[in-house]
Amino acid sequence: MTAVEQNLPTTEQAPKTIYLKDYSVPDYLIKTTDLRFEIYDGETVVSAMLQLYRNPAAAQPATQLTLHGANLELVSIALNGKILGEGDYQFGEESITILNTPEEFTLITITKIKPEQNTSLEGLYRSRTMYCTQCEAEGFRKITYYLDRPDVMSEFTTTVVADKKYPVLLSNGNLIDQGELESNRHYATWHDPFKKPAYLFALVAGELAHIEDKFTTCSGREVTLKIFVEPKDLDKCDHAMTSLKNSMRWDEKVYGREYDLNIFMIVAVDDFNMGAMENKGLNIFNTSCVLAKPETTTDAGFQRVEGVVAHEYFHNWSGNRVTCRDWFQLSLKEGFTVYRDSEFSADMGSRTVKRVEDVTLLRTAQFAEDAGPMAHPIRPESYIEISNFYTMTVYEKGAEVIRMLATLLGKENFRKGTDLYFDRHDGQAVTTEDFIKALEDASGLDLTQFKRWYSQAGTPRLQITDSYDEDAQEYSLTIKQSCPPTPECTNKLPFHIPVAVGLIGSAGDLPLVLKNAAPDFETSDNTYKVLELTEAEQTFVFERVQEKPVPSLLRGFSAPVKWHYDYSRADLILLMSRDSDGFNRWEASQQLGLQAIQVAMAAYQEGQSLVNWLVDAELVDAYRSVLQDESLDKAMVAYMLSLPSEAYLSELAEVVDVEAIHYGRAAVRKALALALRAELETIYRAYDHQQSYAATADAIAARSLKNVALGYLMLLGDEALIKQCEQQYRTANNMTDVMAALTQLVNSETPLAQQLAANALADFYQRWQHESLVVNQWLSVQAMCVLPGTLQKVKALQTHAAFDGKNPNKIRALIAGFCANNPINFHADAGAGYQFLADQIIKLNAQNPSIASRLLTPLTKWKKYNPQRQALMKAQLERIMDEPDLSKDVFEVVSKSLV
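Residues numbered from 1 in each chain as written. Predicted model: local features only at pLDDT ≥ 70, side-chain atom pairs only at ≥ 80, totals over all residues. Heavy atoms only, no water.

Visitor: Where do I start with the overall build of the protein in this structure?
Guide: Within the protein one finds 28 helices and 32 strands. Over its C-alpha atoms the protein spans a radius of gyration of 28 Å, differing by no more than 12% from the 29 Å that the globule rule assigns to 899 residues. With the C-alpha coordinates aligned to their principal axes, the bounding extent of the protein is approximately 85 × 70 × 60 Å. For the protein, the residues scored as buried account for 60% of the 899 residues in total. For the protein, the proportion of contacts with a sequence separation of at least 24, taken over those separated by at least 6, is 71%. Carbon and sulfur atoms make up 49% of the accessible area of the protein, which amounts to about 35100 Å² in all. Positive and negative charge centroids in the protein, built from 87 and 120 side chains respectively, lie 1 Å apart. (Helix = DSSP H or I, 4+ residues; strand = E, 2+ residues; numbered from the N terminus. Rg over C-alpha atoms; globule rule 2.2 N^0.38 Å. Buried < 20%, exposed > 50% of the residue type's maximum accessible area, 1.4 Å probe, protein only. Contact = heavy atoms within 4.5 Å. Areas by Shrake-Rupley, 256 points an atom, 1.4 Å probe, with all protein chains shown as cover. Lys, Arg positive; Asp, Glu negative; His and termini not counted. Charge placed at Lys NZ, Arg CZ, Asp CG, Glu CD.)

Right, dumping it as structure tokens:
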């Protein structure tokens, strides 16, 4: 029998929309799943034996079974030992229906698949020296016919058979058997005793090396830890192993969660659509999220490895042992786990720095998503292609919702609630309501209104005003909340929002006494309060306030909202210097920078020259005080000196003026560099460039501050400084300093810097051409160059030996690097960048739809720009929409963008 053809939808045949309201339990459940993979070059034969039984929770007894399946060649199918003929089953779109099924039965299917031709990188595919899988969300249906939905959980036994040239054979669970076979083949059998849905299945077969370690759990069990990589990468695994052990220890201490199998494995894969995957006992990682050493990896790369390793390990409980009932509940596991990994990273390093990093990402990417055509609640009501909903909203905003719950409940009650959640639902597929119910039952709080965060999209906006009665010594804060319309809802009900506040006086924090507060409102810190905003407008009155204060609002960014309070410059300078909340000190610095940039932008829009632009002395003194404040963490100084990004400025704008934002921000940066040159040079020269590398918080902070100083100094165009930058490139003993210097050279418009940049780029590639992840950095630094002509360079790099148009990491480095992270060039040349991006999406639509749809984001924002750019961007979306055989992934994003 030939393979079942899976026709992709066209614009004339719109794909089906899936709705949460239509959820129904599966007709059948699968008790056990026994898989056998016979891997041959060019073809893999998959045998699946399923023990099925009718679901007692189904509305009525089923008499047929529909299994998911895509791009499979069916060899045979047998029910209770009887081979079925074509009249016993029917093919549908990505499915097969077996007719006349009994209450309990054994189903055996044999299918053939071609992993080598699987460019979607979903299901089983070939990556360099290995075969591997990616099954979340719906990749398992590309392996065999199955109930590929998260609420069907089964016990898996998997046998992998392959030629001995693939010596490593891995799957989920514990190894129970292995041996040799005829014809130079061998096998390994793995058994996972914990029920899991198909999306958590994993298989790896390849020529791999590994490092090994042990971890003793809190109950005394010894767990074997292994990280598998290509042999050339064996020296880049130590940081990931340390991060894994730290994660296991932290999860036991903070959440009481102990690991449950005898072995935990990580495999690094170069061709991978996502960052990593939490498959039970066998995590599969993008190489960029597991490989790290100082010579090849930046500080950001080290931190990413630590965070992603933790995230995937934490999924063992928040995602695997307790999983989601359906894909609408995705944030149940992802939002919770992002919160957990964020807290872990905060404990491993600087809590304030981590919070600044997280909020920066949220404000630039997730807030923009909330304001765009793909806006959706953290629990969507519908989707066409679920892979389009692995979003900043589900992950990052989902984590902020968990953070708000932790704030409202308090540390002790939140821990009680999560313990109850894990204990109550271990081995189950559940919903967000189940999670909230566990927190309510443990804390006694009513979270009914809070659940609106799960069903209402958009970023709430707070308008905050105040008044001070000197005679009564009362200070009042009035907060109004609203939320803009989004595709799913126009009129939003009030959210339940925790607003953490402090009041700052001339000497620092003032004690807070809230008028008419409930007795349990009091906390051990009398300078910090969490106000609960539940109405469209509320006023909170503080008593015994002896001077007119400056409010420190949304401390620690206590809720994912946009807010406005009419701060004066003097207010911001006070907060920047006196606020005990580190996050809000940074926030004040950002608001000061924003004000300065907006002045420069206005001047640019009025036709004024920004050459020799100056900022006033008060602003300079504020930044100078930051440089001189020895109480501040060096990483915080670096962040406070870094002006708001172009992405954030664009998100704030009603209509994005690309040039005004770019040149206005650049003018303020150069003005600060001129005014603070002496202090910046002192910082740069004080750094010991020859000290040995360490990935500690203090060492990372020192490098960060030194390289921020270098970035400012390079704006001056001074020949001596340019040569100093080039010397850093040549002599640095770590990739962080190499890339910092190379980035500054590449983006400097002076002839000397451009000559040195060309030499450095050639040297860099010659030195690192065999290190794929390092080459990605080489591609990115060129793609993100802000100088004119970058698009032409990007097109030329597409034909370079370094670029692989099928590798997601290379696509992200070059194509997304330019289109998503280089606005001044992407929006230039009368729409050439828009056409370039559309060309890439059309090409990738058939090759890798998931990557294609993710690249679309810059074009989806077309309504944010002026009419001329709107027309050009919309035209490219329409061109994509007119393509035949458009994938569900791309169709959903484009069709929603054009509404």
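Having seen the structure, we can now continue with the description.
Visitor: What am I meant to see in the state of the cysteines here?
Guide: Such a bond, covalent and formed between the sulfur atoms of two cysteines, is termed a disulfide. Scanning the entire structure with this criterion turns up zero disulfides. For the unlinked cysteine cysteine 483, the closest cysteine sulfur is that of cysteine 489, found at 8.4 Å. The thiol sulfur of cysteine 819 is not disulfide-bonded, and the nearest other cysteine sulfur, from cysteine 785, lies at 15 Å. (Disulfide = S-S within 2.5 Å.)

Visitor: Where do I start with the packing of aromatic side chains in this structure?
Guide: Pairs of aromatic rings are described using the distance from one ring centre to the other and the angle between the two planes. What the rule picks out here adds up to 40 aromatic pairs. Ring geometry for phenylalanine 336 versus tyrosine 421: centroids 6.4 Å apart, planes at 70°, classification edge-to-face. Linking phenylalanine 336 in helix H3 (residues 330-348) with tyrosine 421 in helix H6 (residues 411-425), this pair joins segments that are 85 residues apart in sequence. Note on accessibility: phenylalanine 336 and tyrosine 421 belong to one class, buried. One aromatic cluster is present, formed by Trp250, Tyr255, Tyr259, Phe264, Tyr313, Phe314, Trp317, Phe336, Phe344, Tyr421, Phe422 and Phe435 through successive ring pairs. Its end group placed over the ring of tryptophan 317, arginine 257 keeps NZ or CZ at 4.7 Å from the ring centre. (Phe/Tyr/Trp six-rings, centres within 6.5 Å; stacked < 30°, edge-to-face > 60°. Lys NZ or Arg CZ within 6 Å of the ring centre and 35° of its normal.)

Visitor: Before we go on, may I ask you to explain the pattern of salt bridges in this structure?
Guide: Any two side chains of opposite charge can pair, on the condition that their charged atoms come close. Here the structure, examined in full by the defined rule, presents 64 salt bridges. Note that aspartate 151 is salt-bridged to arginine 149, the shortest N-O span being 2.7 Å. With relative accessibility at 11%, the residue aspartate 151 sits in the buried group. Arginine 149 sits in the partly exposed class, given a relative accessible area of 22%. Across the pair aspartate 621 and arginine 624 runs a salt bridge whose closest N-O atoms are separated by 3.0 Å. With aspartate 621 and arginine 624 both in helix H11 (residues 617-628), this residue pair falls three residues apart, about one helical turn. For aspartate 621, a relative accessible area of 44% corresponds to the partly exposed category. (Salt bridge = Lys/Arg side-chain N within 4 Å of Asp/Glu carboxyl O.)

Visitor: Just checking my understanding: could you explain the pairing of strand S3 (residues 43-54) for this structure?
Guide: If a strand is regular, its side chains alternate between the two faces of the sheet. Of the strand pairs in this sheet, strand S2 (residues 28-40) and S3 are connected by 12 bridges, and their pairing is antiparallel. Across the sheet, arginine 36 pairs through a bridge with serine 47, a residue of S3. Linking S2 to S3, which pair antiparallel, is a turn of two residues; within it glycine 42 sits at a positive phi near 95°. As paired elements, S3 and strand S9 (residues 104-113) share 10 bridges and run antiparallel to each other. Opposite threonine 44, over in S9, you have isoleucine 113 as the bridge partner. (Pairing = 2+ DSSP bridges.)

Visitor: Just to check I follow, could you spell out the sheet that holds strand S6 (residues 82-83) for this structure?
Guide: Two strands in a sheet stick together by hydrogen bonds in their backbones, pointing the same way (parallel) or opposite ways (antiparallel). As summarised here, the arrangement of the eight strands in space is S6-S5-S9-S3-S2-S12-S15-S14, forming an open sheet in which the pairing is mixed. With one partner strand each, in any of the chains shown, S6 and strand S14 (174-181) form the two edges of the open sheet.

Visitor: I'm lost on helix H9 (residues 569-578) in this one. Help?
Guide: An α-helical segment advances 3.6 residues per turn. Residues three or four places apart therefore align on the same side. When H9 is considered as a whole, its buried residues turn out to be Arg569, Asp571, Leu572, Leu574, Leu575 and Met576. Those residues of H9 that are buried lie in contact with strand S27 (497-505), strand S31 (550-552), helix H10 (582-605), H11 and helix H12 (634-641).

Visitor: Help me out: how do you make sense of unusual backbone geometry in this one?
Guide: A negative phi angle is the norm for most residues apart from glycine, just as the trans form is the norm for most peptide bonds. A cis amide bond, omega 5°, links glutamate 136 with the succeeding residue alanine 137. Within the secondary structure, alanine 137 sits in the loop between strand S11 (130-134) and strand S12 (154-163). The phi angle at asparagine 80 is positive, at roughly 50°, despite the residue not being glycine. Considering the arrangement of structural elements, one finds asparagine 80 in the loop between strand S5 (73-79) and S6. Judged by relative accessible area, which is 46%, asparagine 80 ranks as partly exposed. Backbone geometry at alanine 830 places phi at a positive 50°, although glycine is not the residue there. Tracing the sequence through the fold places alanine 830 in the loop between helix H23 (823-826) and helix H24 (832-847).

Visitor: Mind showing me how you'd approach the sheet that holds strand S17 (residues 209-216) here?
Guide: Ordered by their spatial adjacency, five strands build an open sheet running S17-S18-S19-S21-S20, and the pairing between neighbours is mixed. Each edge of the open sheet is held by one strand with a lone partner, namely S17 and strand S20 (276-277). The strands touched by helix H2 (residues 299-314) are strand S19 (263-269), S20 and strand S21 (282-286); relative to S21, the strand with the most contacts, the crossing angle is about 150°. (Axes fitted to C-alpha atoms, helices over the stretch in contact; angles between N-to-C directions.)

Visitor: How should I be thinking about the packing of H3 against H6 in this particular structure?
Guide: To describe two helices that pack against each other, one gives the angle between their axes and the distance between the axes. Two elements in contact, H3 and H6, have axes whose closest approach is 15 Å; the angle formed by their N-to-C orientations is 140°. One way to sum up the angle between H3 and H6 is to call them oblique. Read as a crossing pair, H3 and H6 show a hand that is left-handed. Here Leu332, Phe336 and Tyr339 of H3 lie close against H6, whose contacting residues are Phe414, Thr418, Tyr421 and Phe422. Of the residues that constitute the contact of H3 with H6, the class distribution is six nonpolar, one polar and no charged. (Parallel < 35°, antiparallel > 145°, perpendicular 65-115°, else oblique. Left-handed = near helix turned anticlockwise from the far one by under 90°. Nonpolar A, V, L, I, M, F, W, Y, C, P; charged D, E, K, R; others polar.)

Visitor: Sorry, what's going on with the pairing of strand S7 (residues 89-92) here?
Guide: Pairing geometry for S7 and strand S8 (residues 95-98), over four bridges, is antiparallel. Looking across to S8, one finds that glutamine 90 is bridged to threonine 97. Between S7 and S8, which pair antiparallel one after the other, the connecting turn spans two residues, and glutamate 94 there sits at a positive phi close to 55°.

Visitor: How should the nonpolar core be read in this particular structure?
Guide: Residues Ile98, Leu405, Phe414, Phe435, Leu462, Phe542 and Phe764 are the most contacted members of the largest nonpolar core, which totals 290 residues. In this structure leucine 462 touches Ile479, Lys480, Gln481, Ile497, Val499, Leu533, Leu554, Val561, Lys562, Trp563 and His564, once residues within four positions along its chain are discounted. (Core = buried A, V, L, I, M, F, W, Y, C linked by side-chain atoms within 4.5 Å.)

Visitor: How should I be thinking about helix H20 (residues 772-783) in this particular structure?
Guide: Taking 1.5 Å of rise per residue, 12 residues should cover 16 Å, and H20 covers 16 Å from first to last C-alpha, within 8% of that figure. Of all 12 residues that make up H20, 11 are buried, and the element is covered over most of its length. (Expected span 1.5 Å × (residues − 1).)

Visitor: Where do I start with the environment of leucine 439 in this structure?
Guide: Take leucine 439: it is sitting in helix H7 (residues 432-443). Among the residues examined, leucine 439 registers a relative accessible area of 0% and is labelled buried. The spatial distance from the C-alpha of leucine 439 to the C-alpha of threonine 736 is 42 Å, given a sequence separation of 297 residues. Leave out the neighbours within four places in its chain, and leucine 439 touches Leu405, Leu409, Phe414, Gly417, Thr418 and Leu447.

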